[in-house]
Amino acid sequence: MNDVLDHAPDEATHDGGDEGTRTGTPGGVWTGSWVAERLGVELAGDGRLTELLGLALRRNPKRAHLLVSNVLGKHVPQSPAVVYGHGVALGRRVRDLLGDEEADAAVVLGYAETATGLGHSVADGLGTAPYLHSTRRPVAGVPRAGGFEESHSHATSHLLLPEDPALLAGPGPLVLVDDEFSTGNTVLNTVRALHARYPRRRYVVVALVDMRSPEDAGRLEEFAREIGAWVDLVTTASGTVRLPDGVLEKGRELVTRFEDTAPGARRADAGPRTPAGPVTRVDLRWPAGLPDGGRHGFTEAHRTRLEAALPGMAARLADALPGDARRVLVLGSEELMYAPLRLARELERAVDAEVRYSTTTRSPVLAVDDPGYAIRTRLVFPAHDDPADGPGERYAYNVAGAGFDAVVAVVDSAADTPALHAPDGLLARLAAHIPHVLLAVVPSYVPAAAHVPERPPMLPEPLRGPAFSSYAPEEVGWLLQDLSDVTLEAPTEEREEAIQRGGAHYAESLPVEYQPGEQYQELFRTALEESAARLAQAVGAVTELVLAERSPRPVLVSLARAGTPVGILMRRWARFRHGLDLPHYAVSIVRGRGIDANALRWLAAHHDPADVVFVDGWTGKGAITRELADALRAFEASDGVTGFDPEIAVLADPGSCVRTYGTREDYLIPSACLNSTVSGLVSRTVLRADLVGPHDYHGAKFYRELAGSDMSVAFLDAVSARFPEVVDAVGARVEDLLAADRTPTWEGWKAVERISEEYGIHDVNLVKPGVGETTRVLLRRVPWKVLARAGAGRDLDHVRLLAGQRGVPVEEVADLPYTCVGLIHPRFTRGATGADGRAVTV
C-alpha cells in the first residue's frame, strides 16, 4: 500500500475576495478557535490543516465537533476556482500515481452528499475517467448496483444507481473520493461491498484531509492485505483531532446553551428581516439528455458536451444579474454540487463581481456569530425534493449576513417543487436576506427504463399444504418453488464466514435447523401460554387497522417466513370478527435483492394491487421496510404495475418503522423462538442463480422429516383460542391507535447506531435489536454477546437458555430501548452481512 501525503495543489489558489483560505475570515482568526478554546479540541498534524478546516458544533451523541472545510464549497462560501482547483489537483495526482494506462481504465466514485462535487472534480483531473456518486435518492426504474451504510452519519443509506450496469464491473482501478478520511469505516464498507461483486486489483482512496486517529491508521493496510488488493491513499493534508476527556458532555452543554439563546447566535431562520423580493428564473438552456451530475454516471462524452455548453449558460446567468452586483453567491442543492460549481467557476470568469459558491445541506449545525467559529449564520427551510426518508429541515450556512448582493440558486427539476417556492421555503429565506434572487433549474436526468425481456404468460399456482408446509391449504398459499430435495444447509460458523467474506449471499444457503431440547420446548410452551392473550390482542388490533385504513377486503401477503404465522392469525381474526375469508399468500423478500418480482406479477394478475397488504412479524432496524419500498418502486418502473403499497403491517413495531402495527412494545412473540417448526415446517427462502431462474419464484424447503417436532398449528390455535376474551380490549386499543400520531420515528435505527458506537463495533449491521432478532442471532449466526434490559423478565427466558447453550454472555444494561439486543461476534467483522446481504463492514 502506498500513502501519498504531500503538498497542496498549485491550482487551488485564491483569486479574489477578502477571505483567505487559511482562516475563512478577513482578520486572520482561525475559524476553529471558538470551539478549540471551549472544548479543548486540537488539530495536530500538517501546518495547513487550519487553512483547510474550521470547527463547529452539532447535536450528535457520537461526535460533538464538526470539521468544516474551507475549500469544499458545502458550508463555507468559497471561490469556485479554489473549490474546483483542489479537486482537479487531487485527480492529477491520482493520474501521476497510477500512470496513464491504469488511469485511463479507472472509475471514480464519490460520496453523497458532501463529496459529489469533489469526486466529480477529481474525475476531471484524472482525465477520461467516468464518474459515479452514491445517492440517497432512489430513482424508479434504475436497479441498484450496490448499497452500503455510513454508520457515523445522521443519514446513512447510500445507493449506487449507474445507468450502465457495467460501469463498476471493469477490472481497472476504482478511485473513491470523500471530503475527509476520519475512521475509514465508510470507505472500507464500500470497498468490501463492491469487491464482493466486482473484484479488482487496485483501489485509490482520495480525500481533502486524512484525519484518522493512530488507532485507525493501520487499518487500511491490514484491509488491503485481507482482500488481496492494492490500496493507495491520496490527500491534501493529514493530521488528527485530539479530544480531551468529557468532550461529548461539554459539547452537548455548549450546544444547549448557545442554540437559539446566545446573543452571538445568528440562525437567521426565524423569518424575513426585510420583505422578500421577486425571484428571477433563468433559463440555462441545459443541453437535452445531458446528466445533471454523476448520480447515474457521467462519461467522457458527457464531459465534452458540458464543457462546450458552460460558457453560454454562464453568459445567461451574467445577463440576468443586476449590473451593480459586486458579491454573488451560486448556491447548489445537497447532492447537486458539481453543476452549480462549474456554472459558478464559469461565471467567475465572465463577470467583474466577486463570485462565491456553496450548497445547501441536510446536516444540522449550531450557528454562532463569532470570527473564530466556522458557521456564522444558518438559514433553515423544509426539504423540497420529496426525499425518500420523509420531510425534514435543510440548511444553508454562512449565507445570511455575508454581504451578497445576489444569489443564484441552482436546483434540479425534481427539487423545483411548491415547497421550494413556499413562504418558508429556500427562495423566501434567501430573498429575506439578499436583494436579488435568481433561480436556475437543471433538468433531473432519469435513465430510460431498461428493456424488459418477454416473460412466460403463466406463472405456477401457489404451493399449499399438506404437499408443501404443515398448514391447511386454505390458510396460506406459498408463491415459492419447492427445493426440498436440494442440500442447502451448512454449519453456522462455516456459513457465517462464507457470507462475511463476500463469497456468498446469505440467501444462497440455509442454516442447519436448530433442534430444541426438552427444556427449550418447555420454555416455548410456557411462553406461549403466558403470552397468547397479549398476542391475540395485537393480532386483532393490527387486523382492525388494516380493515379500517387499507382495504375493506385486503389480500394478505406475508413476507416469508416470519410474517407467515402472523398473516394466518390476521386471516383468522378477520373471519372470527367479520366473517371475511381473506386471501393469504407468502412471498420471499431478500435483503439487497428485493422482493420476488414473479410473485408480484402473479399477485397483480389475480388481485388488485391496491388491496395487497404486506405482513411481517416485527420490525428491528427497519431494513426490510426500506427494502420493500425500494423494490416496489423498481417493479413499478420495470413492469408498469402500480398500486402496491410499501407500508408493512406488523404484529410488533419496536423499531418505530411503520404506521400499521398491533403494538410497539418489544416483547416475546413465541414464533420467534423456533425456526421451521413454528412456521409450517418451511425453511427460510433461497435465491441462488443455479436454482432460481429469471422466470422462477424464489425457493424454500419443506422439512417433512421434522413433523414430530412441529408446533406450527399448535401456536396458531393457542393464540386464536384467546380471540373471544380480547374483543373489548382490541376495540379500545384500535380506537386509541386510530386517534394517535403513528408516524414512524425510526427510533430503533437511532438506538442501533448508538449501541454500535458505544460497544466499539462501528457497524450497525452487526447489531440485531429486539427479542425476535436476538433469537435469530442465537439460532443462526455467530453471537458475541446479548444485551438485556435490566429487570427484563420471562420474555428472555429462552434467550438466556440459548445464550447459555452457546456460551454467550448476557449483559444487563440500564435504559436499553429494546428488551434485548443481539451482537454478532466481532471475530467475523471481516465483512458481516449488510444492506446487500454481502460483506460490507470493517
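Nothing here was measured: the structure is a model prediction, and the numbers come from that model. (Residues numbered from 1 in each chain as written. Predicted model: local features only at pLDDT ≥ 70, side-chain atom pairs only at ≥ 80, totals over all residues. Heavy atoms only, no water.)

> How should I be thinking about the overall build of the protein chain in this particular structure?
Secondary structure summary: the protein chain contains 23 helices and 33 strands in total. Intrachain contacts of the protein chain at a sequence separation of at least 6 include 78% that bridge at least 24 residues. If you sum the accessible surface of the protein chain, you get close to 30,200 Å²; carbon and sulfur atoms cover 50% of it. (Helix = DSSP H or I, 4+ residues; strand = E, 2+ residues; numbered from the N terminus. Contact = heavy atoms within 4.5 Å. Areas by Shrake-Rupley, 256 points an atom, 1.4 Å probe, with all protein chains shown as cover.)

> What is the right way to look at the pattern of salt bridges in this model?
If the charged atoms of two oppositely charged side chains come close together, the side chains can form a pair. Counting across every chain of the model gives 44 salt bridges. Salt-bridge contacts for Glu102 lead to Arg202; the nearest nitrogen and oxygen are separated by 2.7 Å. Here Glu102, found in helix H4 (residues 100-104), pairs with Arg202, found in strand S10 (residues 202-210); they are 100 residues apart in sequence, far enough to count as distant. The exposure class assigned to Glu102 is buried, which follows from its relative accessible area of 18%. Residue Asp385 is joined to Arg137 by a salt bridge in which the shortest nitrogen-to-oxygen separation is 3.4 Å. Taken as a pair, Asp385 in the loop between strand S15 (378-382) and strand S16 (393-397) and Arg137 in the loop between strand S6 (131-133) and strand S7 (146-149) lie far apart in primary sequence, 248 residues in all. Here Asp385 matches Arg137 in class, with each residue buried. Connected through shared salt-bridge partners, Glu102, Arg201, Arg202 and Asp232 make up one network. (Salt bridge = Lys/Arg side-chain N within 4 Å of Asp/Glu carboxyl O. Buried < 20%, exposed > 50% of the residue type's maximum accessible area, 1.4 Å probe, protein only.)

> Is there a simple way to explain the sheet that holds strand S30 (residues 767-769) in this structure?
Two strands in a sheet stick together by hydrogen bonds in their backbones, pointing the same way (parallel) or opposite ways (antiparallel). Taken together, the four strands give an open sheet; going across it, the order is S30-S33-S31-S32, and neighbouring strands pair in mixed fashion. Each end of this open sheet is capped by a strand with a single partner; those strands are S30 and strand S32 (810-813). Taking each pair of neighbouring strands and ignoring which way they run, the sheet shows an average axis angle of 25 degrees. Relative to strand S33 (residues 820-824), strand S31 (residues 783-789) is paired through five bridges, and the arrangement is antiparallel. Within S33, the position partnered with Val786 by the bridge is Gly822. Contacting S30, S31 and S33, helix H21 (residues 747-758) crosses the sheet at an angle of about 140 degrees to S30. (Pairing = 2+ DSSP bridges. Axes fitted to C-alpha atoms, helices over the stretch in contact; angles between N-to-C directions.)

> What is the right way to look at the nonpolar core in this model?
Across soluble globular proteins, you tend to see nonpolar side chains buried next to one another. If you look at the biggest cluster of nonpolar residues, it comprises 118 residues, and the most contacted ones within it are Leu57, Leu168, Val175, Val206, Tyr373 and Val408. For Leu168, the contacting residues outside a window of four places in its chain are Val107, Leu132, Ala145, Leu160, Leu174, Leu194, Tyr198 and Arg200. One finds Phe468, Leu480, Leu535 and Val734 within the second-largest nonpolar core, a separate group that totals 80 residues. (Core = buried A, V, L, I, M, F, W, Y, C linked by side-chain atoms within 4.5 Å.)

> Looking at this structure, how should I read the sheet that holds strand S13 (residues 327-333)?
One open sheet accounts for five strands, arranged S12-S18-S17-S13-S14; its pairing is parallel. Edge positions in the sheet fall to strand S12 (279-282) and strand S14 (354-360), since each of these pairs with one other strand and no more. Across the sheet, the mean angle from the axis of one strand to that of its neighbour is 25 degrees, orientation sign disregarded. Where S13 lies against S14, seven bridges are found, and the strand directions are parallel. Directly across from Leu329, in S14, lies its bridge partner Arg356. Running at roughly 175 degrees to S14, helix H11 (residues 338-350) makes contact with S13, S14 and strand S17 (406-412) of the sheet.

> How do you make sense of the side chain of Thr819 when you look at a structure like this?
As for its placement among the helices and strands, Thr819 is situated in the loop between S32 and S33. Leaving out residues up to four positions away in the same chain, Thr819 has contacts with Asp666, Tyr667, Val771, Leu787, Ala788, Arg789, Ala792 and Leu796.

> How should the packing of aromatic side chains be read in this particular structure?
The relation between two aromatic rings is expressed through the spacing of the ring centres and the mutual angle of the planes. The tally for this structure, following the rule as stated, stands at twelve aromatic pairs. Residues Phe298 and Tyr338 carry aromatic rings whose centres are separated by 6.3 Å and whose planes lie at 70 degrees to one another, so their mutual orientation is edge-to-face. Of this pair, Phe298 sits in the loop between S12 and helix H10 (300-320) while Tyr338 sits in helix H11, and the two are 40 residues apart along the sequence. Geometrically, the ring pair formed by Phe576 and Phe723 is tilted, given 5.7 Å between the ring centres and 40 degrees between the ring planes. Taken together, the residues span a long stretch of sequence, with Phe576 in helix H16 (residues 563-578) and Phe723 in the loop between helix H19 (712-720) and helix H20 (727-739) at a distance of 147 residues. (Phe/Tyr/Trp six-rings, centres within 6.5 Å; stacked < 30°, edge-to-face > 60°.)

> What is the right way to look at unusual backbone geometry in this model?
Comment: phi is negative for the bulk of residues other than glycine, and the bulk of peptide bonds are trans. The step from Ala112 to Glu113 runs through a cis peptide bond, and the omega angle for that step is -5 degrees. With respect to the helices, strands and loops of the structure, Glu113 is situated in the loop between strand S5 (107-110) and helix H5 (116-126). Residue Ala560 is joined to Arg561 through a cis peptide bond whose omega torsion reads 5 degrees. Within the secondary structure layout, Arg561 lies in the loop between strand S23 (555-560) and H16. For Arg285, which is not a glycine, the phi torsion comes out positive at approximately 60 degrees. Note that Arg285 resides in the loop between S12 and H10. On the basis of relative accessible area, Arg285 is assigned to the exposed category, the value being 58%. Within the chain, Glu334 stands out as a residue other than glycine whose phi angle is a positive 50 degrees. Tracing the chain through its elements places Glu334 in the loop between S13 and H11. Residue Glu334 is classed as buried on the basis of its relative accessible area, which comes to 9%.

> Can you help me understand helix H3 (residues 80-98) in this one?
Working note: α-helix, 3.6 residues per turn, so residues spaced by three or four point in the same direction. The end-to-end C-alpha separation of H3 is 27 Å, in line with the 27 Å expected for 19 residues at 1.5 Å each. Counting buried positions over the 19 residues of H3 gives 16, a clear majority of the element. Just beyond H3, the residue with positive phi is Gly99, at close to 85 degrees. (Expected span 1.5 Å × (residues − 1).)

> Quick question: what am I supposed to make of the environment of Glu812 here?
Considering the arrangement of structural elements, one finds Glu812 in strand S32. Apart from residues lying up to four places away in sequence, Glu812 is in contact with Ala788, Ala790, Gly791 and Arg800.

> Can you walk me through the pairing of strand S4 (residues 65-69) in this structure?
Burial runs high along S4: five of the five residues are buried. Covered by surrounding structure in S4 are His65, Leu67 and Ser69 together with Leu66 and Val68, the residues of both alternating faces.

> Looking at this structure, how should I read the packing of H3 against H5?
Packing of H3 against H5 leaves a shortest axis separation of 6 Å and a crossing angle of 50 degrees. Between H3 and H5, the angle falls in the class oblique. The way H3 lies across H5 gives a crossing that is right-handed. Seen from H3, the contacting residues are Tyr84, Gly87, Val88, Leu90, Gly91, Arg92, Val94 and Arg95; seen from H5, they are Leu118, Ser121, Val122, Asp124, Gly125 and Leu126. (Parallel < 35°, antiparallel > 145°, perpendicular 65-115°, else oblique. Left-handed = near helix turned anticlockwise from the far one by under 90°.)

> I keep staring at the pairing of S15 and nothing clicks. Help me out?
Side-chain direction in a regular strand flips from residue to residue, so the side chains alternate between the two faces of the sheet. In terms of burial, S15 is largely enclosed, as four of its five residues are buried. Here S15 runs beside S16; their pairing, made up of five bridges, is antiparallel. In the strand pairing of S16, Leu379 is matched with Ala396.

None of the figures reported here should be taken as evidence of function without further support.
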